[in-house]
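# Analysis of the macromolecular model
Residues per chain, in single letters:
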Amino acid sequence: MSNENNQKELQHLSNLVDKYIVKEQVDGELQHINLGPTHPSTHGIFQNKILMDGERVVSSQSTVGYIHRAFEKIAERRTYSQITTLTDRLNYCSAPINNIGWHMTMEKFLGIKVTKKIDYMRIIIMELARIADHLVCDSVMGVDTGALTGFTYVFQDREKIYDLYEQVCGARMTTNIGRIGGFERDFSPKFHELIKKFIKEFPARIEEFANLLERNRIFMDRTIGVGAISAEKALNYGFTGPNLRAAGVDYDARVMNPYSSYEDFDFVVPIGTAGDAYDRFMVRLQEIRESYNLVKNAYENLPEGEYHVEVPDFYLPNKPDVYTSMEALIYHFKIVMGEVDIPTGEIYNSVEGGNGELGFYMVSDGGRSPYRLHFRRPCFIYYQAYSEIIKDQMLSDAIITLGSLNVIAGELDA
């Protein structure tokens, strides 16, 4: 066979090989799959379009908007008291923090000063909410790695926290808890009974859960080195909260910009080093312990006094007074019907939410509703990093990474 024929044959074989490889990559090895928008594994209604090479993630694209509720636009047509119920639907795993954060934003804007008792009551409720939030995240990480038992253990404790909410506001998950100027009611005798029991029993319960996973070899193998992000990248993406602290950055809104008398208490802010799924688990686990200590100390040192301050333009008068006092009836009508204007101006206020810095940026034109209200939702901000974090990981690792970030769908769509 001549050299010319050899060259033609080799070129023909090369073309066949190229065609075969390309066909295999498109129709075989490289596949497009959807992680979401169905709820299992994604922990919410949102979608990730993932390009897979076998079981390894080549690239992904995140999509949100499946449960868009237009809260920020609705807020422009709601009174300042009614907006509380909108905040419930952001991070619904720790709704009381959202509620109280909004109330403190309004108080800061209006120059309302609350009492130490109200501050301590708020710390108790917010830290109980943080415990409930972290219990969900850490226990679901166990489920994602095949360990269901711990999940069933701590959900009993989450229900006990919901029992405490119920004594304060009558609700459990979307709580509408508290009011501008304090609380709707004082802690009831039943609340005192339940929280004393919680304070007594919870330490043993959380250590029982920790013993199941903290040093579990299978859990550690599935989470160490998975979904890691450096401190620099975490800051560039705008991370806050446990996910930022797991990457080694010591930032907590309760310490950096103290509010609600947090400066009265000594507590440790847990910091990780690797920024991976295991560090995120451990940071939240230690935060649960620190939040328990805050609840215990705030409750044991709860001051005497009123559970609300006098802000008649925003705080509903007692119902019996409405039936007997014309002034109370007028204020009740003005608040319910949204007849109260507020000063012009703008404000940003933030609290340490379950997933990071939860902020409220409000612009007022002097009307009965905000001219503009923007929620800084921590999940929406750090979810942008998910595609980069899971690149070149296994699909099973991508699911664990998503659970460790604790992405709450309610904070994605506002």
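Quick summary incoming for the structure in this document.

What counts and how
Residues numbered from 1 in each chain as written. Predicted model: local features only at pLDDT ≥ 70, side-chain atom pairs only at ≥ 80, totals over all residues. Heavy atoms only, no water. Pairing = 2+ DSSP bridges. Helix = DSSP H or I, 4+ residues; strand = E, 2+ residues; numbered from the N terminus. Axes fitted to C-alpha atoms, helices over the stretch in contact; angles between N-to-C directions. Polar contact = N/O pair within 3.5 Å; in protein donor to acceptor, adjacent residues only side chain to side chain. Parallel < 35°, antiparallel > 145°, perpendicular 65-115°, else oblique. Left-handed = near helix turned anticlockwise from the far one by under 90°. Contact = heavy atoms within 4.5 Å. Phe/Tyr/Trp six-rings, centres within 6.5 Å; stacked < 30°, edge-to-face > 60°. Buried < 20%, exposed > 50% of the residue type's maximum accessible area, 1.4 Å probe, protein only. Lys NZ or Arg CZ within 6 Å of the ring centre and 35° of its normal. Salt bridge = Lys/Arg side-chain N within 4 Å of Asp/Glu carboxyl O.

## A word on the sheet that holds strand S2 (residues 47-53)
Read across the sheet, three strands follow the order S1-S2-S3 without closing on themselves; strand pairing throughout is antiparallel. Each edge of the open sheet carries a strand with a single partner, namely strand S1 (30-35) and strand S3 (56-63). For this sheet, the mean angle separating the axes of adjacent strands, direction not counted, is 20°. Where S2 lies against S3, seven bridges are found, and the strand directions are antiparallel. Within S3, the position partnered with Asn 48 by the bridge is Ser 62.

## Brief notes about the side chain of Arg 254
Here Arg 254 lies in helix H11 (residues 253-256). Within the structure, Arg 254 has its side chain in polar contact with the side chain of Glu 127 (distance 3.3 Å). Here Asp 252 takes part through its side chain, which lies 2.7 Å from a polar atom of the side chain of Arg 254.

## A short note on the packing of helix H7 (residues 189-213) against helix H12 (residues 277-300)
Interaxial distance between H7 and H12 falls to 11 Å at its minimum, and their mutual angle equals 160°. Compared by their axis directions, H7 and H12 come out roughly antiparallel. When you trace H7 past H12, the crossing you get is left-handed. Contacts from His 192, Ile 195, Lys 196, Phe 198, Ile 199, Phe 202, Pro 203, Ile 206, Glu 207, Phe 209, Ala 210 and Leu 213 of H7 reach H12 at Phe 281, Leu 285, Ile 288, Arg 289, Tyr 292, Val 295, Lys 296 and Tyr 299.

## A few points about the packing of aromatic side chains
Overall, the coordinates contain 20 aromatic pairs when judged by the stated rule. Judged by centre distance (6.4 Å) and plane angle (45°), the rings of Phe 209 and Phe 281 are tilted. Of the two residues, Phe 209 sits in helix H7 while Phe 281 sits in helix H12, which places them 72 residues apart along the sequence. For Phe 209, a relative accessible area of 1% corresponds to the buried category. Taken together, the ring pairs connect Tyr 80, Trp 102, Phe 360 and Phe 375 into an aromatic cluster. Lying across the ring of Phe 380, Arg 377 places its NZ or CZ 4.5 Å from the centre.

## Details of the pattern of salt bridges
Enumeration over the complete set of coordinates arrives at 29 salt bridges. A salt bridge links Asp 157 to Arg 205, with the nearest nitrogen and oxygen atoms 3.2 Å apart. You can see Asp 157 sitting in helix H6 (residues 149-169) and its partner Arg 205 sitting in helix H7, a full 48 residues away along the chain. For Asp 157, a relative accessible area of 2% corresponds to the buried category. In this structure, the salt-bridge partner of Arg 217 is Asp 221, at a minimum N-O distance of 3.4 Å. One end of the pair, Arg 217, and the other, Asp 221, are both in helix H8 (residues 217-223), four residues apart, so they sit about a helical turn from each other. Here Arg 217 matches Asp 221 in class, with each residue exposed.

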